[in-house]
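Fold and contact review
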Amino acid sequence: MKEVTRLIHTGLNAEVAQSVVNVPVHRASTIAYADLHSYLTRFDDNNRYKSVTYGATGSTNSRALAEAIAVLEGGFDTVVTSTGLSACTLAIGALLSQGDHVLITDSVYGPTRSYCDKVLKRYGVEVEYFDPATGGGIKDLCKPNTRLVFVESPGSLTFEMQDIAAIAEAAHSCGALVAMDNTWATPLYFKPLAHGVDISIQAGTKYISGHSDLVIGLITSATEELHMRIADHAMMQGDIASPDDCYLALRGLRTLSLRVPRHFESAVVVASWLENHNDVKRVLYPPLQSDPGHELWRRDVGGGASLFGVVLEKDNLTSISRLVDGLELFKIGSSWGGFESLVAANLTPIARDVVPWTECSVLLRFHIGLEDPDDLIDDLEAGLKRL
Ligand SMILES: *Cc1c(COP(=O)(O)O)cnc(C)c1O
């Protein structure tokens, strides 16, 4: 089957599908059993992580979503968590113990970095950041106690591409696992597990849900052993997503293969227009030929997100506020991946340990929605005049 066909035909509960197409929302704390024997043996056999036993350990809806994501990622199975952030922190937390060393990309999503700095260090884990351009050089940073390398490509805010296959090969040669936050490309455009990554993480909040109406996280492991470790950890933390959110995320997934290419096409049009504007210094978007990560993007991804950064020539907050506040089609806010265009700004310095990022003082971030790109360009043209 082609991937877009599989996207439609997985995560359907066969029993339920005889009466309705979608798995209905099953709200439950208690699951009722036919007799005491079935209750006492509910965790037995291979179904331990698949059957639905109690509301706090997953639902029919989280199982259906997990099944579909695992197929898309080409993994053993998927753990569904309450947020994209908890997917990152649960995967990291499940794999590390006191005295371990972890290598984290310096371009990592900010709240993941805060977890490493404020929680992991307190638990006695040695946290070290690395230059996103390191690639196979990760080998030189490995220590005897390095257990995990955490990557994200392109990186949050600054969009540096990473050579994932080279990092995975180097990490494995040192006996370390590799986890990747792959939210930007989605598993449609980059399949981390096929490039040697052991654990692939998605903030399903973004493109998978696609409608800015929920938060959810997805952790897919290459092997049963890793999946069990992470599933156990999530269960002990009591971290799950609600049946309603799982239902909506799975509904979003059905149209992922239509929405993301459209987002991407429009983003290339808008980003190229911006790049050629006199008031724009640089657009941080690997699909553009001018981007330093373009070759890696072309080799590994070839499509993907409509999220990019913009550095303006007039780098002061007063002028930039005039631009942003007058935009009619771009909402101002966090997150991305929904149908609507968004703009956000980050004031530098951006949190970095190894490679400071000092290109400007106000870094804009645009998410291109499903509007006609010509209308978005008109809106931005008027905005740039207000600068
Ligand atoms: C948004 C985001 C997350 C966190 O997802 P939430 O559901 O908002 O917690 C993690 N990683 C990346 C790259 C993101 O963009």
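Attention here is on the structure that accompanies the text. (Residues numbered from 1 in each chain as written. Predicted model: local features only at pLDDT ≥ 70, side-chain atom pairs only at ≥ 80, totals over all residues. Heavy atoms only, no water.)

Before going further, it helps to spend a moment on the overall build of the protein. The helix and strand tally for the protein stands at 14 helices and 12 strands. Relative to the globule expectation of 21 Å for 387 residues, the C-alpha radius of gyration of the protein, 21 Å, shows essentially globular dimensions. C-alpha extents for the protein along the principal axes are approximately 75 × 55 × 35 Å. Counting contacts in the protein only where the partners sit at least 6 residues apart, residues at least 24 apart contribute 72% of the total. With the model as given, the accessible surface of the protein reaches about 16,600 Å², and the carbon-plus-sulfur share is 52%. Positive and negative charge centroids in the protein, built from 32 and 48 side chains respectively, lie 2 Å apart. (Helix = DSSP H or I, 4+ residues; strand = E, 2+ residues; numbered from the N terminus. Rg over C-alpha atoms; globule rule 2.2 N^0.38 Å. Contact = heavy atoms within 4.5 Å. Areas by Shrake-Rupley, 256 points an atom, 1.4 Å probe, with all protein chains shown as cover. Lys, Arg positive; Asp, Glu negative; His and termini not counted. Charge placed at Lys NZ, Arg CZ, Asp CG, Glu CD.)

Turning our eyes to something else, we now look at a negative patch on the surface. Together, D372, D374, D375, D378 and E381 line one region of the surface with negative charge. Mapping D374 onto the fold places it in helix α14 (residues 373-386). (Patch = residues over 30% accessible without salt bridge, like charges linked within 9 Å, V, L, I, M, F, W, Y side chains within 5 Å. Salt bridge = Lys/Arg side-chain N within 4 Å of Asp/Glu carboxyl O.)

Take helix α11 (residues 256-275) next. In an α-helix, one turn spans 3.6 residues, which is why side chains three or four residues apart end up on the same side. Taking 1.5 Å of rise per residue, the 20 residues of α11 would be expected to cover 28 Å, and the 27 Å separating its terminal C-alpha atoms lies within 8% of that figure. Inspection of α11 places L256, R259, V260, H263, F264, S266, A267, V270, A271 and L274 among the buried residues, and these make up the whole buried set. (Expected span 1.5 Å × (residues − 1). Buried < 20%, exposed > 50% of the residue type's maximum accessible area, 1.4 Å probe, protein only.)

Right, let's talk about a nonpolar patch on the surface for a bit. On the surface, a cluster of nonpolar side chains totalling about 340 Å² of accessible area is made up of L36, Y39 and L40. Looking at the element boundaries, L40 is found in helix α2 (residues 36-40). Under the relative-accessibility criterion, L40 is labelled exposed at 59%.

This part is about the pattern of salt bridges. In total, this model carries 14 salt bridges according to the counting rule given. Between E160 and R352 there is a salt bridge; the shortest N-O distance is 3.2 Å. Highlighted residues: E160 in the loop between β4 (146-152) and α7 (164-173) and R352 in the loop between β11 (342-347) and β12 (362-367), separated in sequence by 192 residues. According to the relative accessible area criterion, R352 is buried, its value standing at 15%. Put simply, D106, R113 and D353 are held in one network by salt bridges that share partners.

Near the ligand there are 13 residues, and of these G84, L85, D181, T205 and K206 occur at the shortest range. For the ligand, an oxygen atom lies 2.5 Å from a polar atom in the side chain of T205. Between the ligand and K206 there is a distance of 2.7 Å, counted from an oxygen atom to a side-chain nitrogen or oxygen. When atom positions are compared with the pocket grids, the ligand is found to occupy the largest pocket. (Near = heavy atom within 4 Å. Polar contact = N/O pair within 3.5 Å; in protein donor to acceptor, adjacent residues only side chain to side chain. 1 Å grid on protein atoms, 1.4 Å probe; cavity = no way out; pocket = protein on both sides within 12 Å on 5 of 7 lines; lining within 4 Å. Sits in = over half its atoms within 2 Å of the grid points.)

Our focus in this paragraph is the sheet that holds strand β9 (residues 307-312). Spatial strand order, β8-β9-β12-β11-β10: 5 strands in an open sheet with mixed pairing. At either end of the open sheet lies a strand with only one pairing partner, and these are β8 (280-284) and β10 (331-332). Relative to β12, β9 runs antiparallel, the two sharing 4 bridges. Following the sheet pairing, L307 is matched in β12 by H367. (Pairing = 2+ DSSP bridges.)

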